[in-house]
Structure formats: C-alpha cells, structure tokens
Amino acid sequence: MTRRAVVAGLGTYVPQKVLTNQDLEQIVDTSDEWIVSRTGIKERHIAEPGETTSMMAAKASVRALADAGLVAEDLDFIVCATNTPDTIFPSTAARVQHQLTSKPIPGVDVQAGCTGLIYGMEMASALIQSGSYRNVLVIGADKLTSITDYEDRTTAVLFGDAAGAFVLQGREDTGRGILASYLQADGRGEDLLVQPAGGSKLPASAETVAARQHYLKMNGNETFRFAVKAMPEAVEEGLKKAGLGVEDMTLLVPHQANLRIIDAAVRRFELDPSRVVVNIDRYGNTSVATIPVALQEAREQGRVHDGDVVVLCAFGAGLTWGSNVIRWGR
Ligand code: ACO
C-alpha cells in the first residue's frame, strides 16, 4: 500500500493587537471606504515589536501538536514557510525547534512568496511518501508588518501578521490526506513583488535604508492581473492531478490577498459562497498564514467534514502559484 500524508493536526496563532482601517486613516492618506471597496479588508492583527515570526510559529505549532495528540519530540522534520524569517540565517525552522523542545529535529525554511505554505505541504508530503519521515510539521508564519512601509499607502493597508501549522503524518493510504499538488514559479515576474535590498543583489547600506528599499514593494495592478489567472489555473490543475474536477471540490481555501481576486475565482467556477472560505475582512493579507488561519476558522464553524475535498490555493512573489488537494480526514 502507498503511504500518504494525512493532516493529523492544525493550529494557528494570531496576535491580539488589531489595526483597523480607521487607525490607518490616521497614518496614511487613505479611507475605510477605499480599503473596503478595493480589498475587502476592515482590520488586521499586528504583532508587538518584540514578537518574532518564530515566536508566532511556535505558538501555532504547539496548538497543531495538541490537535494531533502529539508532542514536539514526536516530530521527524520541520518545514517552515516564511518570507519574514527572524534572520536570514539561522533558519526560522531551527528557532522553532529550539522553542518547542531540547531534542534536535531536522528543519528547513521554504521561501516562495505567499505560495510558500503550498510548497511546504508538497515537500512534506514527498518526505513522508519517501518513507524516511513520519511526522512532519509544516508551518506558515509571517510578520509582514516588519517589512511594510507605513509611508506607502498602496501597500500599508494590505498586510497583517499571523502563523499557522499543520502536522502531517504518514499513514497507509485510506484515501485521506494530500492527494496531489500543483506548483509553479516564474521569475519573469521578479520585480512585481519584491523586498529590493538586504540580499546579495543590493546589500544593506545607508543609501538603501534612506531609499526605503528594505520594505516590500509591489506593482499592485500587475500582481492583480497575474493573480486572477493564477488562482483558477492552480485549482484546476491541482484537481486534475488528483483525478478530480471542480465539481468534486467541497471547499476552496484561497490565499486571502484581495476579496476581488477571490470573487473572480468564485465567479469563474460558479461556486456557491458556502464552498469558499473568506476571512480577509478581519486579518488582511498575512501571506503564508492566510490559508491555515482561514481553514481553522472553517473547521471551527463546522464547515469541514471527513471525506471532503479541500483545495488550498495561493499565489505570490516569485512569481509563484500553486495548490494542494486534500481529502479531509485522519
Ligand atoms: N487609499 C486610497 N487611495 C489609494 C490607496 C489607499 N490605500 N492605494 C492606492 N490608492 C489610489 C491610487 O493612488 C490610485 O489613485 P490615482 O487613480 O489617482 O492614481 C487609485 O487609488 C487606484 O489605484 P490602483 O493601484 O489602480 O488600485 P487597485 O484597484 O488596483 O487596488 C490593490 C490596489 C489593492 C493593491 C490591488 O491592485 C491588489 O490587490 N493587487 C494585488 C495585490 C496582491 O494580491 N498581492 C498578493 C501577493 S502579496 C505577497 O505575496 C506578500
């Protein structure tokens, strides 16, 4: 029998502090009306200055482990998707391991824009299917507010902070678990969404700081155009790889970047709103954390059942895009 990666646990962490559109009106030249009508966002949660990505990740991981009925020492591998690591090195995965347990566990960071969580799930699934690892923690954690320019109204209103974690477990195939994934990356879009400075291309200097090049920069219109094509492609191709069609999808959990992008996918597939999870109004875009946070809310609302076909779908910097098709159940 084949082994498959089953979702054994899911946990999330969202910082308490809330930044509303009204708060942002005091910081940049914007309005609640503009933000809601152009993005669907009403408020977002933001981490305290001393609260790092790994701290949020560790809190979500503790909850995911409890949900799976496991302890950190049971983990065989940690995959941490993030675009805002505590430091470029060492990895956030290693920092999370250290916060969870004194037992060494192999771990690695995955950086694929907002699609990082989807990449992490596929990589963990492959590690499990190889037979070398049984319990793999897949984290999506980002503190985007640490690279958000609050002098740039075109990006300042979009982002929030959060973390989510899945415990994937290898089981003999019962039809449950990750059925298929679809991943893509195309570097021709490298300049559309970028943190220009701080890497080998443009090392940190007084000039890069003065030019605000350590903050996230985005060509919103082009990214939007890309996203409305990439999301449906990822959903359809992921389902096709699983031998399924859109009609088989019980629940779509899309990356929460802009309500209008999600609505375009809903219209394209003629989906009933009950089959799509949307919570961008309360969290904004938390990058790799949007999907676990949205899925966890859907679970708490009783919207996810054993045997459901749940499709996770994202797009982001790179450009990257992709999906995981999961038959829900342990
Ligand atoms: N408040 C008020 N006005 C604003 C604001 C704001 N916060 N931001 C921009 N405007 C103005 C612009 O200056 C422009 O004014 P002008 O017409 O006088 O020049 C006008 O509003 C329209 O601007 P657009 O950029 O055309 O607005 P658009 O409808 O495209 O919305 C947005 C912008 C929300 C950024 C949209 O393009 C978008 O969501 N793009 C995709 C972003 C995304 O999905 N990113 C995902 C990846 S994120 C990641 O990977 C971390």
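Refer to the structure above for everything that follows.
Please read these numbers as outputs of a predicted model, since none were measured by experiment.

**A short note on the site of the ligand**
Taken together, 23 residues lie near the ligand, and Thr30, Arg38, Cys114, Asn221 and Asn258 sit nearest. Side-chain polar atom of Arg38 to an oxygen atom of the ligand: 2.5 Å apart, as the coordinates give it. Measuring from a nitrogen atom of the ligand, one finds a backbone N or O atom of Arg153 at 2.9 Å. Here the ligand, which alone exposes 1,000 Å², has 75% of that area covered by the protein. Elements supplying a minimum of two residues to the shell around the ligand: helix H2 (32-39), helix H6 (153-156), helix H8 (220-241), helix H9 (259-269) and strand S12 (309-316). Per element, the largest residue contribution to the shell around the ligand is four residues, and it comes from H8. A class-by-class count of the residues in the shell around the ligand yields ten nonpolar, nine polar and four charged.

**Structural notes on the side chain of Ser54**
With respect to the helices, strands and loops of the structure, Ser54 is situated in helix H3 (residues 53-68). Assessed through its relative accessible area of 2%, Ser54 is described here as buried. Polar side-chain contacts of Ser54 include one of 3.2 Å to the side chain of Thr52. Setting aside chain neighbours within four positions, we find Ser54 in contact with Asp86, Thr92, Arg95, Val96 and Gln99.

**Section: the sheet that holds strand S11 (residues 251-254)**
The four strands are arranged S8-S13-S12-S11 in an open sheet whose pairing can be described as mixed. Bordering the open sheet on either side are strand S8 (177-185) and S11, each of which pairs with just one other strand. For this sheet, the mean angle separating the axes of adjacent strands, direction not counted, is 15°. Here S11 pairs with S12 via four bridges, running parallel. Along S12, the bridge assignment pairs Leu251 with Val310.

**Focus: the environment of Asn83**
Mapping Asn83 onto the fold places it in the loop between strand S4 (77-81) and helix H4 (92-100). The spatial distance from the C-alpha of Asn83 to the C-alpha of Val110 is 8.3 Å, given a sequence separation of 27 residues. Excluding residues that lie within four positions of it along the chain, Asn83 makes contacts with Gln111, Ala112, Gly113, Cys114, Asp142, Ser287 and Val288. At 3.1 Å, the side chain of Asn83 forms a polar contact with the backbone oxygen of Gly113.

Conventions we followed
Residues numbered from 1 in each chain as written. Predicted model: local features only at pLDDT ≥ 70, side-chain atom pairs only at ≥ 80, totals over all residues. Heavy atoms only, no water. Near = heavy atom within 4 Å. Polar contact = N/O pair within 3.5 Å; in protein donor to acceptor, adjacent residues only side chain to side chain. Areas by Shrake-Rupley, 256 points an atom, 1.4 Å probe, with all protein chains shown as cover. Helix = DSSP H or I, 4+ residues; strand = E, 2+ residues; numbered from the N terminus. Nonpolar A, V, L, I, M, F, W, Y, C, P; charged D, E, K, R; others polar. Buried < 20%, exposed > 50% of the residue type's maximum accessible area, 1.4 Å probe, protein only. Contact = heavy atoms within 4.5 Å. Pairing = 2+ DSSP bridges. Axes fitted to C-alpha atoms, helices over the stretch in contact; angles between N-to-C directions.

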